[in-house]
Protein chains: 2
Amino acid sequence: MEKLIGNAVVGQSGGPTAAINATLSGIIRGAMELRDNGTVEKLYGMKNGIEGLLGENLVDLFEVFANKEDLKTLEHTPAAALGSCRKKLPAPTADDETFAKIIDIFKKYNIRYFFYIGGNDSMDTVDKLSTYTDLCGYEMRVIGVPKTIDNDLPITDHTPGFGSAAKYIATMTQEIIRDCAVYQVKAVTIIEIMGRDAGWLTASAALCRRAGVEPDLIYLPETVFNMDSFLNDVRAALEKHPNVVVAISEGIHFENGDYVGSANQSGATDVFGHKYLSGSGKTLEYAVKDAIGCKVRSIELNLCQRCASHLASETDLSESVLVGKTAALAAAEGASRVMMTIDRVSDTPYKVEIGNVSVSEVANKVKLVPREFINEKENGVTDACVDYLLPLIKGEPDIRFEDGLPVHFIIK
Amino acid sequence: MEKLIGNAVVGQSGGPTAAINATLSGIIRGAMELRDNGTVEKLYGMKNGIEGLLGENLVDLFEVFANKEDLKTLEHTPAAALGSCRKKLPAPTADDETFAKIIDIFKKYNIRYFFYIGGNDSMDTVDKLSTYTDLCGYEMRVIGVPKTIDNDLPITDHTPGFGSAAKYIATMTQEIIRDCAVYQVKAVTIIEIMGRDAGWLTASAALCRRAGVEPDLIYLPETVFNMDSFLNDVRAALEKHPNVVVAISEGIHFENGDYVGSANQSGATDVFGHKYLSGSGKTLEYAVKDAIGCKVRSIELNLCQRCASHLASETDLSESVLVGKTAALAAAEGASRVMMTIDRVSDTPYKVEIGNVSVSEVANKVKLVPREFINEKENGVTDACVDYLLPLIKGEPDIRFEDGLPVHFIIK
């Protein structure tokens, strides 16, 4: 394939993770190699994803990272250093104004390489943009680089960003279990974990099994949640020991499809008389209080689970860098309209290779926790699940601290 | 003073912290020195504090820690390895049955040294026990070793356990601010931090000031919370930039004394009559949604802030060990009815010495954030406050990980 010479642009989209900047760093590292071999002259960063492209709000990333040491700091910085957006592109028809404007900007900046780091919606953007550039005959390489803490993209063995979130969840769960174990009074602690449709993050709470502790009960959104079974499970667990810990996904739902969190069973109202729209954790907290009457509390790990770079998985970060770098090099070799993938080629020892797949095969599809990873009673996960997850949280990055806090790199 | 030869007992009480086991380790290390010089033969650990003593549920800690390497692991284990309790002793009258039973047990095990690691309520236990042993002429050294994430004990410059909680809060706040910064849509994020009466933990959210970021607004329980002023503060902050982050203490209250979170309060109280609180963040979330109408969310750091040993402050851990060890040695030298203190003898460089103070001077007293640490508008903290807090979060312990997770030591 003929060498395509031109500039490159990269953007970040969707929710932040602890590893999306590691992937950005990888793309910058790869693009620097392409600069050195005369393929790419400039790498632009779009501020706030595709919106920054449309507004020509671009930064020169080779200039920003003139000191390559800063890339290391970027890799340890949570969230999206370029900013993010949730803009969804329209259908790519020939006369669409948005796409026409994008092509004008591509031409103005001589952009021939487009990298988009994101989840499901971002792969949709990559797909549509590829369709349009083909349609109007603008030669370009468009690559999607996966990112999501939810681990719900198909084909790739796992997604960059997931391992770090899983490590935070597993570590925090282990620490919460220790905390709960100090009293002898019967108590139930419910940990609510992110994941509307996919239970990968919640399943990760079981990873401390190797350390001899784990939540007594785990409920994923892949199964139907039944309140009576749940309360019976909790009662049975309380018979065994006084401090019961339960991990639940925010997306657990009843047989009729209603989210457990949308059922407002507390009836509590705030000072303005609003009914509290409780999360699934709060709903179950009230349910246990009502039905069992013991001490009960719920803990929502909330944003912390996706931005806790201080506890990132080194496996996740180094793979994220590699995925980004490989994306840049693959584009120069001719890859386009693909999403990069992480392919697990061996379990013992754990070994991955970076590949890619046509983006149309992944856009708007999700990968759920398979049945064989969930136990028979649907209140826990199997050893096979733990075996799959474990390599992804291994390793601790060497994070630089100053004045007691991790150092971050900010793109102005 | 004549050398008092006998056995020793140690217990942990009150809420867990990331450093209470480091203090336990220090006491064990100190007691091992006393064993080597013939003062102490055995060090018993009471399981679940004073309740374990009353039930003679004791472990031989020299035996448990026959391998001294395990003490290092203990120092990196969150919560109370011996278990905790919230038992409050009665008034120490001569004919009290509980105290009579305690003395019987002391005699049975030849216990002459009593160490109690805890907060305010534990110092009350130390005070009462000292009164009783004096009353009945049982020669004994009774020492309180401070522990509380709240940092609200008087006289001591700060309390073991506080620095680690402050480091987690500051780090997490910095990471949450990064996470919130990725979108351009106006949004308010409210971080609810522990602290019923004292705002030390909430003030620690400002520690990322040195890194160039910090919450836009901080509200402590030391000042009166006014909803109109708060909403005006938020409006003004939103004029400056789209992503406003607010740190609030769970204990913020209105002029009439009502907690802001009282709308969601369970009404339950603990055995000391403290009301359980949670929900000031949720209340303000609804207030902002109502009055301003922008995107708003609240995050409760919850238990995570007191058990996140993976992000402990090395300053806190090493001081906690030192306080424990010094307690053991001071007791052998004759100290009794005292609480150990950390005295800051120099700011630049930061330097502390370990002292002690009569426990009657601290029992049931609290130390609040002083007025000069709070800004004029009562919506932030001063540089003097940051200067005081900063040394306490410095340093990162060398934690051992296995299978991607920190290794803990469990006392069976």
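Computed from a predicted structure; not experimentally measured.

Judged by nonpolar contacts, the single largest core of 92 residues is most densely connected at A:I176 and B:I176. If we skip the residues at most four places from it in the chain, A:I176 touches A:T189, A:I191, A:I299, A:L301, B:L303, B:C304 and B:C307. Counting residues in each nonpolar core, the second largest holds 43 residues, with A:A81, A:A330, A:M340 and A:I342 among its members.

Residues and elements named next belong to chain B. Across the sheet, seven strands lie side by side as β3-β2-β1-β4-β5-β10-β11; this open sheet has mixed pairing. Lying at the two open borders of the sheet, with one neighbouring strand each, are β3 (58-60) and β11 (351-358). In this sheet, neighbouring strand axes are inclined to one another by 30° on average, regardless of whether the strands run parallel or antiparallel. The sheet contact formed by strand β10 (residues 338-346) and β11 spans eight bridges and is antiparallel. By the bridge assignment for β11, M340 is matched with N356.

Right, let's get into the sheet that holds strand β10 (residues 338-346) of chain A. Residue and element names in this part refer to chain A. Taking strand neighbours across the sheet as the criterion, the seven strands line up as β3-β2-β1-β4-β5-β10-β11 in an open arrangement whose pairing is mixed. The outermost strands of the open sheet, each flanked by one partner alone, are β3 (58-60) and β11 (351-358). Across this sheet, the average inter-strand angle for adjacent strands is 30°, counted without regard to direction. Direction of pairing for strand β2 (residues 40-46) relative to β3: antiparallel, over a ladder of three bridges. Within the sheet, the bridge partner assigned to Y44 lies in β3 and is D60. Set on the sheet, helix α6 (residues 120-135) makes contact with β4 (111-118), β5 (141-146) and β10; between it and β5 the angle comes to about 175°. This element, helix α12 (residues 314-332), spans β4, β5, β10 and β11 of the sheet and lies at about 170° to β5.

Glancing now at the interface of chain A and chain B. Taken together, the contacts link 65 residues of chain A with 64 residues of chain B. Of the roughly 5200 Å² buried at the junction of chain A and chain B (both faces included), carbon and sulfur atoms supply 60%. At the junction of chain A and chain B, the tally comes to six salt bridges. Note that A:D403 is salt-bridged to B:K394, the shortest N-O span being 3.5 Å.

Quick look at the relation of the copies chain A and chain B now. For the pair chain A and chain B, the superposition axis carries a translation of 0.0 Å, the fit reaches an RMSD of 0.1 Å, and the rotation angle comes to 180°. These values place the two chain copies in the arrangement generated by a two-fold rotation axis. Mapped onto chain B, 86% of the interface residues of chain A again fall at the interface, so both copies present the same surface.

About the criteria used
Residues numbered from 1 in each chain as written. Chains lettered and ligands numbered in written order. Predicted model: local features only at pLDDT ≥ 70, side-chain atom pairs only at ≥ 80, totals over all residues. Heavy atoms only, no water. Core = buried A, V, L, I, M, F, W, Y, C linked by side-chain atoms within 4.5 Å. Buried < 20%, exposed > 50% of the residue type's maximum accessible area, 1.4 Å probe, protein only. Contact = heavy atoms within 4.5 Å. Pairing = 2+ DSSP bridges. Helix = DSSP H or I, 4+ residues; strand = E, 2+ residues; numbered from the N terminus. Axes fitted to C-alpha atoms, helices over the stretch in contact; angles between N-to-C directions. Buried area = accessible area lost by both parts, 1.4 Å probe. Salt bridge = Lys/Arg side-chain N within 4 Å of Asp/Glu carboxyl O. Least-squares fit on C-alpha atoms with pLDDT ≥ 70 in both.

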